[in-house]
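Take a look at the letters that make up each chain.
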There are 4 protein chains.
Amino acid sequence: MNRQLAIAVIGENDPTPELAALAEAVGAEIAAAGAVLVCGGLGGAMEAACRGAHARGGTTIGFLPGTRREDANRYVTYPIPTGLGHVRNILVVRSAQAVIAIGGRYGTLSEIAFAKIDGIPVIGLHTWELKREGQADGHIQQASDAKQAVAMALEAARRRSGER
Amino acid sequence: MNRQLAIAVIGENDPTPELAALAEAVGAEIAAAGAVLVCGGLGGAMEAACRGAHARGGTTIGFLPGTRREDANRYVTYPIPTGLGHVRNILVVRSAQAVIAIGGRYGTLSEIAFAKIDGIPVIGLHTWELKREGQADGHIQQASDAKQAVAMALEAARRRSGER
Amino acid sequence: MNRQLAIAVIGENDPTPELAALAEAVGAEIAAAGAVLVCGGLGGAMEAACRGAHARGGTTIGFLPGTRREDANRYVTYPIPTGLGHVRNILVVRSAQAVIAIGGRYGTLSEIAFAKIDGIPVIGLHTWELKREGQADGHIQQASDAKQAVAMALEAARRRSGER
Amino acid sequence: MNRQLAIAVIGENDPTPELAALAEAVGAEIAAAGAVLVCGGLGGAMEAACRGAHARGGTTIGFLPGTRREDANRYVTYPIPTGLGHVRNILVVRSAQAVIAIGGRYGTLSEIAFAKIDGIPVIGLHTWELKREGQADGHIQQASDAKQAVAMALEAARRRSGER
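Reading guide: rules and limits
- Residues numbered from 1 in each chain as written.
- Chains lettered and ligands numbered in written order.
- Predicted model: local features only at pLDDT ≥ 70, side-chain atom pairs only at ≥ 80, totals over all residues.
- Heavy atoms only, no water.
- Least-squares fit on C-alpha atoms with pLDDT ≥ 70 in both.
- Contact = heavy atoms within 4.5 Å.
- Core = buried A, V, L, I, M, F, W, Y, C linked by side-chain atoms within 4.5 Å.
- Buried < 20%, exposed > 50% of the residue type's maximum accessible area, 1.4 Å probe, protein only.
- 1 Å grid on protein atoms, 1.4 Å probe; cavity = no way out; pocket = protein on both sides within 12 Å on 5 of 7 lines; lining within 4 Å.
- Points joined across faces, edges and corners; volume = space filled by probe spheres on them.
- Helix = DSSP H or I, 4+ residues; strand = E, 2+ residues; numbered from the N terminus.
- Nonpolar A, V, L, I, M, F, W, Y, C, P; charged D, E, K, R; others polar.
- Pairing = 2+ DSSP bridges.
- Axes fitted to C-alpha atoms, helices over the stretch in contact; angles between N-to-C directions.
- Buried area = accessible area lost by both parts, 1.4 Å probe.
- Polar contact = N/O pair within 3.5 Å; in protein donor to acceptor, adjacent residues only side chain to side chain.
- Expected span 1.5 Å × (residues − 1).
- pLDDT = per-residue confidence, 0-100.
- Parallel < 35°, antiparallel > 145°, perpendicular 65-115°, else oblique.
- Left-handed = near helix turned anticlockwise from the far one by under 90°.
- Right-handed = clockwise from strand over helix to strand, strands pointing away.
- Phe/Tyr/Trp six-rings, centres within 6.5 Å; stacked < 30°, edge-to-face > 60°.

If you rotate chain C by 180° and push it 0.0 Å along the axis, it lands on chain B with an RMSD of 0.0 Å. Each copy turns onto its partner about a two-fold axis. When the interface residues of chain C are mapped onto chain B, 100% of them again lie at the interface, so the same face is used by both copies.

If you want it as structure tokens, here you go:
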């Protein structure tokens, strides 16, 4: 089976209008490219991204912290009620071949960290910068807009699929 | 969004030809009914069920114990590499509104137990019988063939959706 | 380091007085034998077992479903707030070299299933009996009282330690 | 029961000799203060910290990624074989009332993120610095040596216990 690429979108629960618009544009670009959108299934940047994908006829998978399917936002095609709380963050990134981080707080940081542990590429839009004593920068590839972020994510996802 | 029902199929990694044929027929019935099939994503009864669903144009979600998408059987539409080992069993049942158990060993038993903890209905085909001192029987509804098992699962899933 | 043996006690949240007394006696025997008692950290059979161990100067580890240490019963020496809900059941059994099941419902059944998946011996006191079509009985060794259950668990734990 | 405070030590699997010495000194200080040391149970900074605690008669709890108790370093009093891979990082921080991060890579970053999600204080020794666009610094309290790090961790842990 020739599977679709899967791209995760992570970020703020409570985004500014600018970040929400960015998330919606990212979702639309993912769907337009024929990829599946994976996310945390709730509101904020997650819902905006799903809405963008849904408007373009895309498919979305939402990993929920609780055990109720009904908690998914209305644009989630396949809700996954994990009952694992924040641990579901790890499932979001592992289900994707590349991750786009939009803004975000410590939940997003945990997702970035787990993506890096597993070698999954992370593209950033106005998100965390990471530094460690005695290490060079460059941990997260920063994009400047939705179109570029999705193009970078798809290229990284294809490269990663090809390698394996 | 009017979502599809989701039915989990659990069972043997290494089924007899009879149980594998049963799993394939169950998968085909689930797809024919327009529901999504959820499973553990690997071989045996899981692969047979996915093959049956795929042949009828159905969608399948496979929760993998490891972190490699490539481990999914070829009939899995959406692989979910969890990296959680047997703990992924819990995600299989939580993602569904009813569970069909076909044969199975202790992995299947753990899935039955977690389904019962969360109140998700379980339909059995040649699977575990459970008894506890001083309690009445009837923990698992037993079906006699694939068609009946899927009909019972869909009815239980609809009742459960309606209740919530 | 010559480590203490670790024995898990699993069972009812809401036991009859007879089962609670049994759990307390099991806890006392575990402590008297110099082993560590592992459990789910809350009330019912878990608390009774911890109280028994504590009265004999034993050490107890309690894996909590939530993220609050304060939820542990007062006889837990080391609370482990997992935030994993019922998934913490798996940690209880994996932390032990043998498991004693006292009564119990589906949570206990999930723990028995996970113990069997991992090859950890299970001793039963008035708990589940398991059967599968076409398989012989004998899945759980049944004990008749607390002293015998702990003796059987310690022997199984020592055999298992020795094997590895 | 008046429980001991629990302090987590997280950091490099493969530390420089300087960081290993620092971890050992941190472990010794934790034990000297009568607190329990919690860690990931394997080698590197984890083993150095446990060795330091053990030399001072302290107790250590090690959350292992695999399912084999034998994988714990020899200074772990209570091994917890989780079988959850890197997800066990989350259990390490949740089991503690304060966290000391020594050097570290993405595993350590995931632990810092999960500590912050749960509001558990983090003290840093030559570890990550975190920045986000438009946010002030100060996410991790940096200490300059082992004694100061443990003093800061104990004070934060006591404050946190008192608050709840």
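Here the focus is the nonpolar core. Counting 116 residues, the largest nonpolar core has Leu130 of chain A, Leu130 of chain B, Phe63 and Leu130 of chain C together with Phe63 and Leu130 of chain D as the members making the most contacts within it. Discounting chain neighbours no more than four positions away, the residues touching Phe63 of chain D are Phe63 and Ile80 of chain C together with Val38, Cys39, Gly40, Gly41, Ile80, Thr82, Arg88, Leu91, Val92 and Ser95 of chain D.

What follows deals with empty space enclosed by the protein. Remark: the empty space left among the atoms is shown by a probe the size of a water molecule rolled over them. Summed over the entire model, instances satisfying the criterion amount to five cavities of 30 Å³ or more. For the largest cavity, the calculated volume is near 90 Å³. In this structure, the largest cavity is lined by Arg69, Thr77, Tyr78, Pro79 and Ile80 of chain C together with Arg3, Gln4, Ala6, Val36, Val38, Ile61 and Ser95 of chain D. When residues of the lining of the largest cavity are traced back to their parent elements, those giving at least two are β4 (78-81) of chain C together with β2 (36-39) of chain D. Per-element tally for the lining of the largest cavity: the top contributor is β4 of chain C, with three residues. Each residue belonging to the lining of the largest cavity can be placed in one class, and the counts come to seven nonpolar, three polar and two charged.

The next thing to look at is the sheet that holds strand β8 (residues 141-142) of chain A. Hydrogen bonds along the backbone pair up the strands of a sheet, which may run parallel or antiparallel. Residue and element names in this part refer to chain A. Taken in spatial order, the seven strands make up an open sheet running β4-β3-β2-β1-β5-β6-β8, and their pairing is parallel. The open sheet terminates on both sides in strands that have one partner only, identified here as β4 (78-81) and β8. In terms of strand pairing, strand β6 (residues 122-125) meets β8 through two bridges, oriented parallel. By the bridge assignment, Gly124 is partnered in β8 with Gln142. Along the sheet, helix α2 (residues 45-55) makes contact with β1 (6-11), β2 (36-39) and β3 (60-64), crossing β2 at roughly 165°. The strands touched by helix α4 (residues 106-117) within the sheet are β1, β5 (98-102) and β6, with β1 carrying the most contacts at an inclination of about 145°.

Accessible area lost during the coming together of the parts is what is often quoted as the interface size. Across the boundary between the two partners, chain D contributes 26 residues, which contact 26 residues of chain A. Taken together, both faces of the contact between chain D and chain A bury some 2,600 Å²; the carbon and sulfur share is 62%. At the boundary of chain D with chain A, the tally comes to zero residue pairs in polar contact (both at pLDDT 80 or more). When residues of the side of chain D that touches chain A are traced back to their parent elements, those giving at least two are α3 (88-94), α4 (106-117) and β7 (128-132) of chain D. Element by element, the count of residues in the side of chain D that touches chain A is highest for α4 of chain D, at eight residues. Tallied by class, residues from the side of chain D that touches chain A come to nine nonpolar, nine polar and eight charged.

On to helix α1 (residues 17-32) of chain B, then. All names here are of chain B. A rise of 1.5 Å per residue sets the reference length of α1, with its 16 residues, at 22 Å; its end C-alpha atoms lie 22 Å apart and thus fit the reference within 8%. Taken residue by residue, α1 has Leu19, Ala20, Leu22, Ala23, Val26, Gly27, Ala28, Ile30 and Ala31 as its buried positions. Where α1 ends, the next residue or the one after it, Gly34, has phi of about 80°, a positive value.

Attention now moves to the confidence of the model for chain A. Within chain A, residue pLDDT values average 92, and 94% of them lie at 70 or more. Quick note on the complex model: pTM equals 0.94, ipTM equals 0.93.

Once that is clear, we can look at the packing of α1 of chain B against helix α2 (residues 45-55) of chain B. All names here are of chain B. Contact geometry for α1 and α2: axes closest at 6 Å, N-to-C directions at 40°. Accordingly, the angle class assigned to the pair α1 and α2 is oblique. Relative to α2, α1 is oriented so that their crossing is right-handed. Across the interface between the two elements, Ala20, Ala23, Glu24, Gly27, Ala28 and Ala31 from α1 touch Ala45, Ala48, Ala49, Arg51, Gly52 and Ala53 from α2. Here the contact of α1 with α2 is built from residues that sort into eight nonpolar, two polar and two charged.

Next up on the list: the pairing of strand β6 (residues 122-125) of chain C. Residues and elements named next belong to chain C. Residues Val122 and Gly124 point to one face of β6 and Ile123 and Leu125 to the other, with burial holding for every one of them. Pairing geometry for strand β5 (residues 98-102) and β6, over four bridges, is parallel. Pairing of Ala101 across the sheet is with Gly124, part of β6. Between the parallel pair β5 and β6, the chain is carried across by helix α4 (residues 106-117), and the sense of this crossover is right-handed.

Bringing the environment of Glu24 of chain C into the picture now. Residue and element names in this part refer to chain C. The topology assignment puts Glu24 in helix α1 (residues 17-32). With a relative accessible area of 30%, Glu24 lands in the partly exposed category. Not counting the four nearest positions on each side in its chain, Glu24 is found in contact with Ala48, Ala49, Arg51 and Gly52.

Residues and elements named next belong to chain D. Taken as a whole and judged by the stated rule, the model has eight aromatic pairs over all chains. Aromatic pair Tyr106 and Trp128: ring centres 5.4 Å apart, planes at 40°, arrangement tilted. Of the two residues, Tyr106 is situated in helix α4 and Trp128 in strand β7; the sequence distance between them amounts to 22 residues. By relative accessible area, which is 17% here, Tyr106 ends up buried.

What follows covers the environment of Arg105 of chain C. Among the structural elements, Arg105 of chain C can be located in the loop between β5 and α4. For Arg105 of chain C and Gly11 of chain C, which are 94 residues apart along the polypeptide, the C-alpha to C-alpha distance reads 7.3 Å.

Let us look at the sheet that holds strand β5 (residues 98-102) of chain D. Residue and element names in this part refer to chain D. Strands sit in the order β4-β3-β2-β1-β5-β6-β8 across an open sheet of seven strands; the sheet is parallel. Strands at the two margins of the open sheet, each flanked by one partner only, are β4 (78-81) and β8 (141-142). Examined bridge by bridge, strand β3 (residues 60-64) and β4 share four bridges and lie parallel to one another. Note that in β4 the partner of Leu64 across the bridge is Pro81. Sheet strands in contact with helix α1 (residues 17-32) are β1 (6-11), β2, β5 and β6 (122-125), and its direction is about 160° off that of β5. The sheet strands contacting α4 are β1, β5 and β6, and the helix crosses β1 at an angle near 145°.

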